[in-house]
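So the chains spell out like this:
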Amino acid sequence: MHTAGQPHPEALEISDEELAEIALILEMSRSFSISAYKDKCMKRRVAIRMRSCQCHDAAGYCSLLRQNGHELDLLQKTLTIHVSQFFRNPATFEKLRTEVFPYLFANAAADNTDLRILSLGCAGGEEPYSLAILLREHFSPQLEQTRVTICALDIDQETILAARKAEFNPERLKEVPDDVRRRYFRPQGARMQLSAAIREMVTFNRGDVTALGSFQRHDLVLCRNTLIYFNRPDQERILNGITQILPPGGILVLGKSETLVGDVRRSFSALCPLERIYRRI
Ligand SMILES: C[S@@+](CC[C@H](N)C(=O)[O-])C[C@H]1O[C@@H](n2cnc3c(N)ncnc32)[C@H](O)[C@@H]1O
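Residues numbered from 1 in each chain as written. Predicted model: local features only at pLDDT ≥ 70, side-chain atom pairs only at ≥ 80, totals over all residues.

**Q** Is there a simple way to explain the overall build of the protein in this structure?
**A** Per the secondary structure count, the protein includes 11 helices and 10 strands. Its C-alpha atoms give the protein a radius of gyration of 20 Å, within 12% of the compact-globule value 19 Å for 281 residues. Judged by the C-alpha coordinates and their principal axes, the protein covers about 60 × 50 × 30 Å. Sorting the 281 residues of the protein into buried and exposed places 35% on the buried side. Counting contacts in the protein only where the partners sit at least 6 residues apart, residues at least 24 apart contribute 75% of the total. (Helix = DSSP H or I, 4+ residues; strand = E, 2+ residues; numbered from the N terminus. Rg over C-alpha atoms; globule rule 2.2 N^0.38 Å. Buried ≥ 20, exposed ≤ 12 C-beta atoms within 10 Å, placed from the backbone. Contact = placed C-beta atoms within 7 Å.)

**Q** I would appreciate a short explanation of helix 8 (residues 157-165) in the present structure.
**A** Given 3.6 residues per helical turn, the α-helix brings residues three or four places apart onto the same face. Among the residues of helix 8, Thr-159, Ile-160 and Ala-163 are the ones counted as buried. All buried residues of helix 8 fall inside an arc of 100° around its axis, so they share one side. Those residues of helix 8 that are exposed and aimed more than 90 degrees away from the buried face are Gln-157 and Leu-161. Buried residues belonging to helix 8 abut strand 2 (148-154) and strand 6 (202-206). Directly beyond the C-terminal end of helix 8, a positive phi value near 60° is found at Ala-166. (Arc of directions from axis to C-beta.)

**Q** What exactly am I supposed to notice about the site of the ligand here?
**A** In the region of the ligand, 23 residues are neighbours, and Thr-80, Ser-84, Gly-121, Val-209 and Asn-225 sit closest. When contributions to the shell around the ligand are tallied by element, the ones reaching two or more residues are helix 6 (126-138) and strand 2. Across the shell around the ligand, the residue classes break down as seven nonpolar, nine polar and seven charged. (Near = placed C-beta within 6 Å. Nonpolar A, V, L, I, M, F, W, Y, C, P; charged D, E, K, R; others polar.)

**Q** Is there a simple way to think about the environment of Pro-187 in this case?
**A** Inspection of the secondary structure assignment puts Pro-187 in strand 4 (residues 185-188). The class of Pro-187 is exposed, set by 9 C-beta atoms lying within 10 Å. For the pair Pro-187 and Pro-170, spaced 17 residues apart in sequence, the C-alpha to C-alpha distance is 9.1 Å.

**Q** Would you mind showing me how to read the pairing of strand 9 (residues 268-272) here?
**A** Regular strands show a simple pattern: their side chains alternate between the two faces of the sheet. Relative to strand 10 (residues 277-280), strand 9 runs antiparallel, the two being bridged by four bridges. Within strand 10, the residue paired with Ser-269 across the bridge is Arg-279. The turn joining strand 9 and strand 10, which pair antiparallel and follow one another in sequence, is formed by four residues; a positive phi near 55° is taken by Arg-276. (Pairing = 2+ DSSP bridges.)

**Q** Explanation requested: the sheet that holds strand 8 (residues 251-254) in the structure shown.
**A** Strand pairing in a sheet is mediated by backbone hydrogen bonds. Such pairs are either parallel or antiparallel. If you trace the seven strands from one edge of the open sheet to the other, you get 6-2-1-7-8-10-9, paired in mixed fashion. Every interior strand has two partners, whereas the edge strands, strand 6 and strand 9, have only one. Adjacent strand axes in the sheet meet at a mean angle of 20° when their direction is disregarded. In the sheet, strand 1 (residues 115-120) pairs with strand 7 (residues 220-223) via three bridges, with the strands oriented parallel. (Axes fitted to C-alpha atoms, helices over the stretch in contact; angles between N-to-C directions.)

**Q** Even after reading the chapter, I still don't get the packing of helix 2 (residues 39-52) against helix 4 (residues 69-79), so can you show me in this structure?
**A** Helices that pack against each other are described as a pair by the angle of their axes relative to one another and the distance between those axes. Relative to each other, helix 2 and helix 4 sit at 140°, their axes nearing to 9 Å. Put simply, helix 2 runs oblique to helix 4. Judged by the twist between their axes, the crossing of helix 2 over helix 4 is right-handed. Facing helix 2, whose interface residues are Met-42, Arg-45, Ile-48 and Arg-49, helix 4 presents Leu-74, Leu-75, Thr-78 and Leu-79. (Parallel < 35°, antiparallel > 145°, perpendicular 65-115°, else oblique. Left-handed = near helix turned anticlockwise from the far one by under 90°.)

**Q** Which parts of the structure should I look at to understand the domain arrangement of the protein?
**A** As a measure of interface size, the accessible area lost when the parts come together is often cited. By domain assignment, the protein separates into domain 1 (9-79) and domain 2 (90-280). On a C-alpha basis, the centres of domain 1 and domain 2 stand 30 Å from each other. With five residues of domain 1 at the contact, the number on the domain 2 side is seven residues. When its residues are assigned to classes, the side of domain 1 that touches domain 2 shows three nonpolar, no polar and two charged. (Domains from an automatic or database assignment.)

**Q** What's the story with the environment of Asp-16 in this structure? I'm lost.
**A** Its place among the elements puts Asp-16 in helix 1 (residues 16-30). Owing to 9 C-beta atoms within 10 Å, Asp-16 belongs among the exposed residues under this scheme. Here the alpha-carbon distance between Asp-16 and Lys-43, two residues 27 residues apart in the chain, equals 8.8 Å.

Structure below.
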């Protein structure tokens, strides 16, 4: 919250040159590149950290970053924001339940193959775990017949470690119906621990959504609320990468404020434009 007497984050001016210097420090010390992200977004987030450290100019903040590894970690975390929710945008999960999964399971059964799911920019695991819960709740017979893997990926190592631990602030469970919450979560101090049966269904790895080259086929890819932080050429690059790993008939789900951009638009038909669900042609 903004406190009187302190500069508002937006009021801290960071020039392009200063942002470039911060980018260089991050690249040299953490091998983390911010070049693909929108500058405006990065400046706003750097300003948030500067304000927390009571740094009123970027030069001072750069010297702090050079001396203080912990602040580098905090900055990287702030630059890659990790806000998520179980069943975020419930209508999207409803479409997955009623249309997408029945279609994907039917395809997998017809082709006698497995079903591979990928959650990109998975934050604390809320999204892939929601998929696992949905499958357990509504597709048990299909799970007996078709092998399903859910892989989840995020750039932030700490976030991945937290996701594997699967202890959540109850705030993150706002959209989880009471009976589902009772079945899969139990209180652990002030937090909620997800059951092992669901945790075991998801594999988490650190990875970069801009470099999906080594990834194999996935039939359902969710990349929600992550694309928005990237500049347009990199959005196109990310979408191109996703297009390469989706087979014809594969499904892509974007966030509600995201859309297909560039040439890849020709590679998809809209399955549910409102929920940003697309089918690979
Ligand atoms: C706002 S969260 C979205 C979480 C979830 N997909 C959802 O919709 O609720 C964005 C996530 O993208 C991750 N992220 C940012 N840049 C990334 C990159 N280059 N590769 C992989 N993940 C990235 C962040 O660390 C963050 O956890």
